[in-house]
Amino acid sequence: MSETSKRSTVYFDPQLHAALRLKAAHTHRSLSDIVNDAVRAALAEDQEDLAAFEERVSEPTMSYESLLDDLKAHGKL
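Just so we're clear, the structure is a prediction, and the values are computed from it rather than from any experiment.

## A few points about the confidence of the model for the protein chain
With 97% of its residues at a pLDDT of at least 70, the protein chain reaches an overall mean of 94. Between the elements of the protein chain, mean pLDDT differs from a low of 95, seen in helix H2 (residues 31-55), to a high of 98, seen in helix H1 (residues 14-27).

Quick look at the structure:
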């Protein structure tokens, strides 16, 4: 871990904790490394989702009711 690492307390479900400990032992990595990688992946996915929303912001929207009406009009419902 680098000097700039911060310490935090995280409470895991006991079964998740056991799975993480087994994975850490099996992969010769620390729990911190595994959790940091998982958090990075989740944040990267969030950033991708936000970028996709931003790209589509100018697309027209359709209400749920309009969608159902359209499906019914085209024999899909």
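## A few points about H1
Helix length check: H1 (14 residues) gives 20 Å between terminal C-alpha atoms against 20 Å at 1.5 Å per residue, within 8%. Taking the backbone nitrogen of Gln 15 as reference, a side-chain oxygen 2.9 Å away marks Asp 13 as the first, capping residue of H1. Following H1 by one or two positions, His 28 has its phi on the positive side, about 60°.

## Some thoughts on the packing of H1 against H2
Close contact between H1 and H2 brings their axes to 9 Å; oriented N to C, the two are set at 110°. Of the possible angle classes, the one that applies to H1 and H2 is roughly perpendicular. Contact residues: His 17, Leu 20, Arg 21, Lys 23, Ala 24 and Thr 27 in H1; Leu 31, Ile 34 and Val 35 in H2. For the contact of H1 with H2, the residue count by class is five nonpolar, two polar and two charged.

Calculation criteria
Residues numbered from 1 in each chain as written. Predicted model: local features only at pLDDT ≥ 70, side-chain atom pairs only at ≥ 80, totals over all residues. Heavy atoms only, no water. pLDDT = per-residue confidence, 0-100. Helix = DSSP H or I, 4+ residues; strand = E, 2+ residues; numbered from the N terminus. Expected span 1.5 Å × (residues − 1). Polar contact = N/O pair within 3.5 Å; in protein donor to acceptor, adjacent residues only side chain to side chain. Axes fitted to C-alpha atoms, helices over the stretch in contact; angles between N-to-C directions. Parallel < 35°, antiparallel > 145°, perpendicular 65-115°, else oblique. Contact = heavy atoms within 4.5 Å. Nonpolar A, V, L, I, M, F, W, Y, C, P; charged D, E, K, R; others polar.

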